[in-house]
Amino acid sequence: MNKRQLIKNFLAVSALGLGLAATAIAQTATPIKFQLDWRFEGPAALFLHPAAKGYFKQAGLDVTIDAGNGSGGAVTRVASGAYDMGFADLAALMEFHANNPDSPNKPVAVMMVYNNTPASVMALKKSGITKPSDLNGKKLGAPVFDAGRRAFPIFAKANNITGVNWTAMDPTLRETMLMRGDIDAITGFTFTSLLNLEARGTKAADVVILPYADNGVKLYGNVIIASPKLIKENPAAIKAFLAAFTKGAKEVLANPAVAVESVKARDGIIDSALETRRLKLAIDTVINSPDARAEGFGAVNSGRLSLMASQVSDAFNTKSRVNPDAVWTAAMLPPAAELNILRK
């Protein structure tokens with residue numbers, strides 16, 4: 001056998017070895033099915049960016065991320081076992097717990113991401129609405145499952161609002177109906193509805209925004225949730241997921257425009273500039289908010305969590321009272337040093 005043939009044989013054996021090693025690694029990776037709360041828009045970069053960078057794979061996880069159609073759906077899909085983890089509004093998780101007290105499969109929040117609810121009331125300046133009290137007796141519109149609409153009784157109580165009449169519609173019609181004058185105001189996530197209004201020709205300067213967080217309602221927003229089965233059987237996988245997510249989130253906060261390209265890779269028809277603005281709005285209003293910087297990324301304040309549990313129990317008229325200790329655990333969060341990703 002000549003020297004050239006020996007080299008070829010060596011390379012072939014080496015390639016085979018590498019292939020077998022890669023197969024072994026792939027076989028040992030823990031599969032995680034992850035359900036988003038909404039479509040592939042700017043904020044989804046928080047999850048799609050670390051996936052695209054390979055951070056989940058490096059952590060020994062095989063993560064698949066699917067778009068969603070609302071927090072309620074994300075909670076029920078994780079509860080059903082169809083998904084291992086997800087991203088959902090904490091109020092929706094609390095409601096599920098309190099309305100299904102005997103269910104053995106209630107998901108648990110394992111990391112806070114939106115320290116403040118993104119919900120707000122939005123109106124056009126020409127309506128004359130400038131403050132919460134101006135909503136008395138007005139016609140408001142939102143889908144029945146909208147987080148802002150569900151939590152509106154808390155907002156109304158905090159601001160002494162009465163006599164509101166509600167109109168339900170499909171999410172795609174919410175902003176259009178506001179612009180047509182069919183309703184006086186809407187509820188919705190600020191970074192969703194404001195940009196939807198702009199896309200329909202309304203100038204941002206002509207929109208009045210009344211954020212819940214700035215008007216006496218300190219509800220938490222979206223959290224990462226995990227199934228009780230995964231928490232019991234493989235808490236190390238959740239720890240690895242949260243560490244990889246945090247590493248990616250730090251990069252998303254530092255460079256939103258680059259991070260949005262991971263969303264573009266999943267949905268090629270998105271407007272990258274628009275979704276970058278949406279992501280920046282989310283970062284500025286609910287992720288890197290003053291409350292988040294005070295409490296620390298990923299964490300919650302126990303007193304605030306308990307107050308929210310009581311408020312949700314009342315506003316949502318749940319079958320049982322929300323137990324704050326049952327909906328949240330910090331046991332799998334990364335160390336404080338790794339969670340220190342927020343800009344001052």
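Note that the structure is predicted; figures quoted are calculated from it, not measured.

1. A word on the nonpolar core
- Of all hydrophobic cores here, the largest spans 98 residues; its most connected members are I224, F241 and F245.
- Top element by residues in this core is helix α11 (residues 235–254). It accounts for ten residues.
- Core analysis: the second largest hydrophobic core is formed by ten residues, M122, I186, L194 and L197 among them.

2. Some points on the pattern of salt bridges
- Per the counting criterion, the structure on display carries 13 salt bridges.
- D182 serves as the salt-bridge partner of R180, at 2.7 Å between the closest nitrogen and oxygen.
- A residue is classified by how much of its surface remains accessible, and D182, at 30% relative accessible area, is partly exposed.
- For K229, the salt bridge is made with E233, and the minimal N-O distance between the two is 3.0 Å. Taken together, the residues span about one helical turn, with K229 and E233 both in helix α10 (residues 228–233) at a distance of four residues.
- Take K229: its relative accessible area is 52%, and that puts it in the exposed class.
- Among the residues examined, E233 registers a relative accessible area of 55% and is labelled exposed.
- Because the salt bridges share partners, they merge into one network encompassing R39, E41, E275 and R278.

3. As for the packing of helix α9 (residues 190–199) against helix α13 (residues 272–287)
- In the contact formed by α9 and α13, the axes pass within 9 Å of each other and the chain directions differ by 145 degrees. Crossing angle aside, the handedness with which α9 passes α13 is right-handed. In this structure, α9 uses F191, T192, L194, L195, N196 and E198 to contact α13, whose residues at the interface are L274, R277, R278, L281, A282, T285 and V286.

4. Some details on the pairing of strand β8 (residues 185–189)
- Taking burial as the measure, the five residues of β8 include five buried ones, the bulk of the element.
- Pairing geometry for strand β5 (residues 119–124) and β8, over four bridges, is antiparallel. Paired with M122 across the two strands is I186, which belongs to β8.
- The sheet contact formed by strand β6 (residues 139–141) and β8 spans two bridges and is parallel.

5. As for the sheet that holds strand β7 (residues 165–167)
- One open sheet holds the five strands; their spatial order is β7-β6-β8-β5-β9, and the pairing between them is mixed. Bordering the open sheet on either side are β7 and β9 (207–211), each of which pairs with just one other strand. For this sheet, the mean angle separating the axes of adjacent strands, direction not counted, is 30 degrees.
- Docked against the sheet, α9 engages β5, β8 and β9, running at close to 125 degrees with respect to β8.

6. Quick look at the sheet that holds strand β10 (residues 222–226)
- Judged by pairing direction, the sheet is mixed, and its five strands sit side by side in the order β2-β1-β3-β10-β4 without closing on themselves. The outermost strands of the open sheet, each flanked by one partner alone, are β2 (61–66) and β4 (108–112). In this sheet, neighbouring strand axes are inclined to one another by 30 degrees on average, regardless of whether the strands run parallel or antiparallel.
- In this structure, strand β1 (residues 30–35) lies alongside β2, joined through six bridges in parallel fashion. Its bridge partner lying in β2, P31 is registered against D62.
- Contacting β1, β3 (85–89) and β10, helix α4 (residues 71–80) crosses the sheet at an angle of about 145 degrees to β3.
- Against the sheet, helix α5 (residues 90–99) engages β3, β4 and β10, with an angle of about 100 degrees to β3.

7. Re the pairing of β10
- Along β10, five of the five residues are buried, which leaves the element largely enclosed by surrounding structure.
- Taking every second residue as pointing to the same face, both faces of β10 are buried, with N222, I224 and A226 on one and V223 and I225 on the other.
- Note: β3 against β10, five bridges, orientation antiparallel. Residue pairing in the sheet places F87 in a bridge with I224 of β10.

8. Side note on the packing of aromatic side chains
- For the structure shown, the criterion picks out eleven aromatic pairs.
- Their ring planes at 35 degrees and their centres at 4.7 Å tell us that F34 and F47 sit as a pair that is tilted. Pair noted here: F34 is in strand β1 and F47 is in helix α2 (residues 45–52), with a separation of 13 residues, a long-range link.
- Pairing F189 with F191 gives two aromatic rings, centres 5.7 Å apart and planes at 65 degrees, and the pair type is edge-to-face.

9. Digging into the side chain of S227
- Among the structural elements, S227 can be located in the loop between β10 and α10.
- Residue class for S227 comes out buried when judged on its relative accessible area of 7%.
- Only 3.1 Å separates the side chain of S227 from the backbone nitrogen of L230, close enough to count as a polar contact.
- Other than its neighbours up to four places away in sequence, S227 contacts V78, Y83 and D84.

10. Section: α9
- Counting buried positions along α9 gives eight out of ten residues, so the element sits mostly inside the fold.
- Taken as a whole, α9 has its buried residues at T190, F191, T192, S193, L194, L195, N196 and L197.
- The inward-facing, buried residues of α9 abut β5, α8 (174–180), β8, β9 and α13.
- Just beyond α9, the residue with positive phi is G201, at close to 105 degrees.

Conventions adopted
Residues numbered from 1 in each chain as written. Predicted model: local features only at pLDDT ≥ 70, side-chain atom pairs only at ≥ 80, totals over all residues. Heavy atoms only, no water. Core = buried A, V, L, I, M, F, W, Y, C linked by side-chain atoms within 4.5 Å. Buried < 20%, exposed > 50% of the residue type's maximum accessible area, 1.4 Å probe, protein only. Helix = DSSP H or I, 4+ residues; strand = E, 2+ residues; numbered from the N terminus. Salt bridge = Lys/Arg side-chain N within 4 Å of Asp/Glu carboxyl O. Axes fitted to C-alpha atoms, helices over the stretch in contact; angles between N-to-C directions. Left-handed = near helix turned anticlockwise from the far one by under 90°. Contact = heavy atoms within 4.5 Å. Pairing = 2+ DSSP bridges. Phe/Tyr/Trp six-rings, centres within 6.5 Å; stacked < 30°, edge-to-face > 60°. Polar contact = N/O pair within 3.5 Å; in protein donor to acceptor, adjacent residues only side chain to side chain.

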